[in-house]
Amino acid sequence: MTGNRILDAKIPGGPLADMWDKHMIDSPLVAPGGNRRKRTVIVVGTGLAGGGAAATMGELGYNVLNFCIQDTPRRAHSVAAQGGINASKNYQNDGDSVYRLFYDTIKGGDYRSREANTYRLAQLSMGIIDQSVAMGVPFAREYGGTLANRSFGGVQVSRTFYARGQTGQQLLLGVYSALVRQIDAGTVKMFPRHEMLDLVVVDGKARGIIARELTTGEIKRYEADAVVLATGGYSPVFYLSTNAVNSNATAAWRAHRRGALFSNPCYTQIHPTAVPQMGDYQSKLTLMSESLRNDGRVWVPKAPGDKRRPNDIPESERDYYLERRYPAFGNLVPRDIAARAAKVECDKGKSAYYSDQSVYLDFSEAIGRLGKDVVGDRYGNLFDMYNEIIGDNPYETPMMIYPAPHYTMGGLWVDYNLQSTIEGLFVTGEANFSDHGANRLGASALMQGLADGYFVTPRVVANYLANADLVNTSTDAEEFKAVENDVRGHFQRLLNIKGDRTVRDIHWELGRTMWDKVGMARNGEGLKEAIGKIGKLREEFWQNLKLTGNENDLNKQLEQANRLGDYLELGELMARDALMREESCGGHFREEHKTEDGEAKRDDANFTFVSAWEYTGENQEPVMHKEPLVFDNVELKTRSYK
């Protein structure tokens, strides 16, 4: 069902390059000192976006309540982003610029992102590097001491700053050091092992959350003047993904149920460089950084069914299919294209020896050209990780890789100020939809997280607080009591089922349905089948779930069941969104809509818009609203990397 709600993105007027600076000048401030100390801001999440926002707002003098689902902010999933962070510094003098970074990001997202937000991201990228270096992040350096760069997929310049294969970890430690400083100063209060379970809306504005202390089971109320969600993406809906098992969509989904529109849910990224699935009892998949495609060459045997070990296959019998199909970019094509190309080859029966869903990533040419020490200096920790998992030494034997669910470009709808359709609820980083369109280029996640955290969120929240007409409220208010009762009733409903199927069993079935029907390639018939299957699985969940323990204690099964209930609703919305979008673009590939040579075929006449879904009630069909996308600064054209 399509609605007619008008979505105002609040994009400033004037030239694109001047929008953010002008917007900051035109936006009111909250005076330092007593005025800021009177304002409380809840930040949910402690990754680069959440931790950066909490630390920066604490430094500015606000009273910040920061919630962390793990035992320490250092375990936020930003730690797992290995390959690097983009910035248009142009240190290599190879033609980079703010505009080129903006253009590459728009093109990489297949022209389905908002120009203003994407340009701001490119603009702020340079300041991120300066900030991180000042905080001691140990970026790789050239022999002369300058910061090193490498290339990533989808671009033809070197703009990715990195710290071996540990970039996310090192950037997160920088954020953590700033956060701890503010905790010590008393401006930030940290709540580890607390999970947000619902949003409290008072007088139409976000004023607090209901959270559960995971170690004790205690359910608590927290009040604030604004709420910032920085809780990451939703790829664990596929069960097996590169995300940590604790990563989940509950905070964003509960906000959606309270009135925040959910945008572009079908835009999920399948990362081409993950360790293949080793069995049915894995809890997650392991990412191998996309940076490996700088020096690694992707190939499969030319003959279908060839299961010889890779070193036994001569060069003449290897198909370097990315280099063959995309000569201009070769192994550095964007993730969506590399992932689909691997699937195409495997579907032909051409795969690595281990399984029908694996291809090779070979470093022999780079080692011969650069030497083992240079390759080891760039990727050694990744090679060690792979060796621990597979038992093969990548210095001697090609890696095996296969695409895996990774990043999600969809998320809660936000305007230019990162504010959702609920006043006072701001959504940052991967939890919002705004910057990457239908496909995210590598090394752009860390860029968005820190841009939102360090620079955008503190400014736009100040703008809101300076103007906000907030009624007096407290955690004793009826609105807080009502939402807490909803949370308690939801938990009791789960515990009262007393069925036979475990959370893992149901989540696994959901994940296989999502991967098979809403994965790398989709079609109308399969999406309709997925919607039907997920609906039946949701009924099975509510009638036959098996849980042990109670809500008043540490209870991992209850935590996971609570999240799975949200995934069952979100998974169906993803399939509905994919069914509605009768085109192929970026990570959304409809088999009915492709070119003669098998590439994605967009329909700009009918689908140049952001889908924004409204929750209408349990088991009710959602309503879709549209935000038209206007491209005044780039030309819409067929994306080509050949």
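In what follows, the structure referred to is the one given above.
To start, this report covers the structure provided alongside it. From a predicted model like this one, the values you see are computed outputs, not experimental measurements.

Topic: the overall build of the protein
Okay, step 1: Scanning the protein from N- to C-terminus turns up 17 helices and 19 strands.
Okay, step 2: In terms of overall dimensions, the protein is globule-like: its C-alpha atoms have a radius of gyration of 24 Å, near the 26 Å expected for 642 residues.
Okay, step 3: Expressed as lengths along the three principal axes of its C-alpha atoms, the size of the protein is roughly 75 × 60 × 50 Å.
Okay, step 4: Taking all 642 residues of the protein together, the buried fraction comes to 63%.
Okay, step 5: A separation of at least 24 residues holds for 75% of the contacts in the protein among residues at least 6 apart in sequence.
Okay, step 6: Carbon and sulfur atoms make up 46% of the accessible area of the protein, which totals about 23500 Å².
Okay, step 7: Within the protein, one finds 76 positive and 83 negative side-chain charges whose respective centroids are separated by 1 Å.

Remarks on the packing of helix H3 (residues 48-60) against helix H6 (residues 167-185)
Okay, step 1: Close contact between H3 and H6 brings their axes to 9 Å; oriented N to C, the two are set at 35 degrees. Judged by the sense of rotation from one axis to the other, the crossing of H3 with H6 is left-handed. From H3, Leu48, Gly51, Gly52, Ala54, Ala55, Gly58 and Glu59 reach across to H6, where they touch Leu171, Leu172, Val175, Ala178, Leu179, Arg181 and Gln182.

Concerning the packing of helix H7 (residues 250-257) against helix H16 (residues 556-580)
Okay, step 1: Here H7 crosses H16 at 65 degrees, and the two axes come no closer than 10 Å. Crossing handedness for the pair H7 and H16: left-handed. Contacts between H7 and H16 involve Thr250, Trp253, Arg254, His256 and Arg257 from the former and Asn562, Arg563, Asp566, Glu569, Leu570 and Leu573 from the latter.
Okay, step 2: When the residues that make up the contact of H7 with H16 are grouped by side-chain class, the tally is three nonpolar, three polar and five charged.

A few points about the state of the cysteines
Okay, step 1: Counting across every chain of the model gives zero disulfides.
Okay, step 2: For Cys266, which is in no disulfide, the shortest distance to another cysteine sulfur is to Cys585 and amounts to 6.7 Å.

Side note on a nonpolar patch on the surface
Okay, step 1: Among the surface-exposed residues, Met278, Tyr354 and Ile389 lie close enough to one another that they form a single nonpolar patch of about 240 Å² accessible area.
Okay, step 2: Of note, Ile389 is situated in helix H11 (residues 372-390).

Quick notes on a negative patch on the surface
Okay, step 1: Together, Asp203, Glu423, Asp469 and Glu479 line one region of the surface with negative charge.
Okay, step 2: By the secondary structure assignment, Glu423 is in the loop between strand S16 (411-412) and strand S17 (425-427).
Okay, step 3: Assessed through its relative accessible area of 41%, Glu423 is described here as partly exposed.

Comments concerning the sheet that holds strand S10 (residues 262-263)
Okay, step 1: The sheet built from four strands is open, its strands ordered S16-S10-S18-S19 with antiparallel pairing. Sheet topology places S16 and strand S19 (623-628) at the edges, where each strand pairs with a single neighbour.
Okay, step 2: Of the strand pairs in this sheet, S10 and strand S18 (residues 609-614) are connected by two bridges, and their pairing is antiparallel. Opposite Ser263, over in S18, you have Ala612 as the bridge partner.
Okay, step 3: In the packing of H16 onto the sheet, contacts are made with S10, S18 and S19, and the angle to S18 comes to roughly 145 degrees.

Quick notes on the packing of aromatic side chains
Okay, step 1: Going through the model one piece at a time under the given rule, you end up with 24 aromatic pairs.
Okay, step 2: For the pair Phe541 and Trp542, a centre-to-centre distance of 5.0 Å together with 85 degrees between the ring planes defines the contact as edge-to-face.
Okay, step 3: Here the basic side chain of Lys107 rests over the ring of Tyr641, its NZ or CZ set 4.5 Å away from the ring centre.
Okay, step 4: Just above the ring of Tyr407 sits the side chain of Arg440; from NZ or CZ to the centre is 4.1 Å.

Here's the deal with helix H1 (residues 19-26)
Okay, step 1: Along H1, the residues that are buried comprise Met19, Trp20 and His23. With its buried residues spanning 90 degrees around the axis, H1 presents them on a single face.

Description of the pattern of salt bridges
Okay, step 1: Applying the stated rule across the entire model yields 62 salt bridges.
Okay, step 2: Between Glu559 and Lys556 there is a salt bridge, and its shortest N-O distance comes to 3.0 Å. Highlighted residues: Glu559 and Lys556, both in helix H16, separated by three residues, approximately one helical turn.
Okay, step 3: The class for Lys556 is partly exposed, based on a relative accessible area of 35%.
Okay, step 4: Here the salt bridges share partners, and the residues they tie into one network are Asp110, Arg112, Asp336, Arg340, Arg581, Glu583, Arg602, Asp604 and Arg639.

Considerations on H3
Okay, step 1: If you check H3, its first and last C-alpha atoms are 18 Å apart, about what 13 residues at 1.5 Å a residue would give, namely 18 Å.
Okay, step 2: Counting buried positions along H3 yields 11 of 13 residues, so the element is predominantly enclosed.
Okay, step 3: Of the positions making up H3, those classed as buried are Leu48, Ala49, Gly50, Gly51, Gly52, Ala53, Ala54, Ala55, Thr56, Met57 and Gly58.
Okay, step 4: Packed against the buried residues of H3 are strand S1 (40-44), strand S2 (63-68), H6, strand S5 (188-192) and helix H12 (445-467).

Brief notes about unusual backbone geometry
Okay, step 1: The phi angle at Asn264 is positive, at roughly 50 degrees, despite the residue not being glycine.
Okay, step 2: Tracing the backbone through its elements, the reader meets Asn264 in the loop between S10 and strand S11 (268-274).
Okay, step 3: Accessibility expressed as a relative area gives 1% for Asn264, which makes it buried.
Okay, step 4: You will see that Ala443, though not glycine, has its phi angle at about 70 degrees, which is positive.
Okay, step 5: Note that Ala443 resides in the loop between S17 and H12.
Okay, step 6: Accessibility expressed as a relative area gives 6% for Ala443, which makes it buried.

Analysis parameters
- Within every chain, residues take consecutive numbers counted from 1 along the sequence as written.
- This being a predicted model, a pLDDT of at least 70 is required before a residue's local features are given, and a value of 80 or more before pairs of side-chain atoms are given or counted; all residues contribute to the totals for chains, interfaces and linings.
- Values shown for side chains rest on all heavy atoms present in the structure; no hydrogens or waters enter the calculation.
- Every helix listed is a DSSP run of H or I at least four residues long, and every strand listed is a run of E at least two residues long, numbered separately from the N terminus.
- Radius of gyration: over C-alpha atoms. The globule rule applied is 2.2 Å multiplied by the number of residues raised to the 0.38 power.
- The rule is simple: take the accessible area with a 1.4 Å probe, protein chains only, and divide by the maximum for that residue type; under 20% is buried, over 50% is exposed, in between is partly exposed.
- Contact between two residues is taken to exist if any of their heavy atoms lie within 4.5 Å; hydrogens are not considered.
- Accessible surface area values rest on a Shrake-Rupley calculation with a 1.4 Å probe, where residue burial reflects the displayed protein chains alone.
- We score Asp and Glu as negative and Lys and Arg as positive, and we do not count His or the chain ends.
- Charge positions come from single atoms, namely NZ of Lys, CZ of Arg, CG of Asp or CD of Glu.
- Think of each axis as a best-fit line through the C-alpha atoms, taken over the contacting stretch in the case of a helix, with angles from 0 to 180 degrees between the N-to-C directions.
- Less than a right angle of anticlockwise turn of the near helix away from the far helix marks a crossing as left-handed, whereas a clockwise turn marks it as right-handed.
- Three categories are distinguished: nonpolar for Ala, Val, Leu, Ile, Met, Phe, Trp, Tyr, Cys and Pro, charged for Asp, Glu, Lys and Arg, and polar for the others, with Gly belonging to the last.
- By definition, disulfides here are pairs of cysteine sulfur atoms that lie within 2.5 Å.
- Only residues whose relative accessible area exceeds 30% and that form no salt bridge are eligible for patches; like-charged ones are grouped when within 9 Å, while nonpolar side chains (Val, Leu, Ile, Met, Phe, Trp, Tyr) are grouped when within 5 Å.
- A carboxyl oxygen of Asp or Glu within 4 Å of a side-chain nitrogen of Lys or Arg is what we treat as a salt bridge.
- Any two strands with at least two DSSP-identified bridges between them are counted as paired.
- Stacked, tilted and edge-to-face are the three classes assigned to paired rings of Phe, Tyr and Trp, where Trp is represented by its six-membered ring and a pair needs centres within 6.5 Å; plane angles under 30 degrees give stacked, over 60 edge-to-face, the rest tilted.
- Distance and angle both matter: a charge sits over a ring if NZ of Lys or CZ of Arg is within 6 Å of the ring centre and within 35 degrees of the ring normal.
- To obtain the arc, one takes the directions from the helix axis to the C-beta atoms.
- Multiplying 1.5 Å by the helix residue count minus one yields the expected span of that helix.

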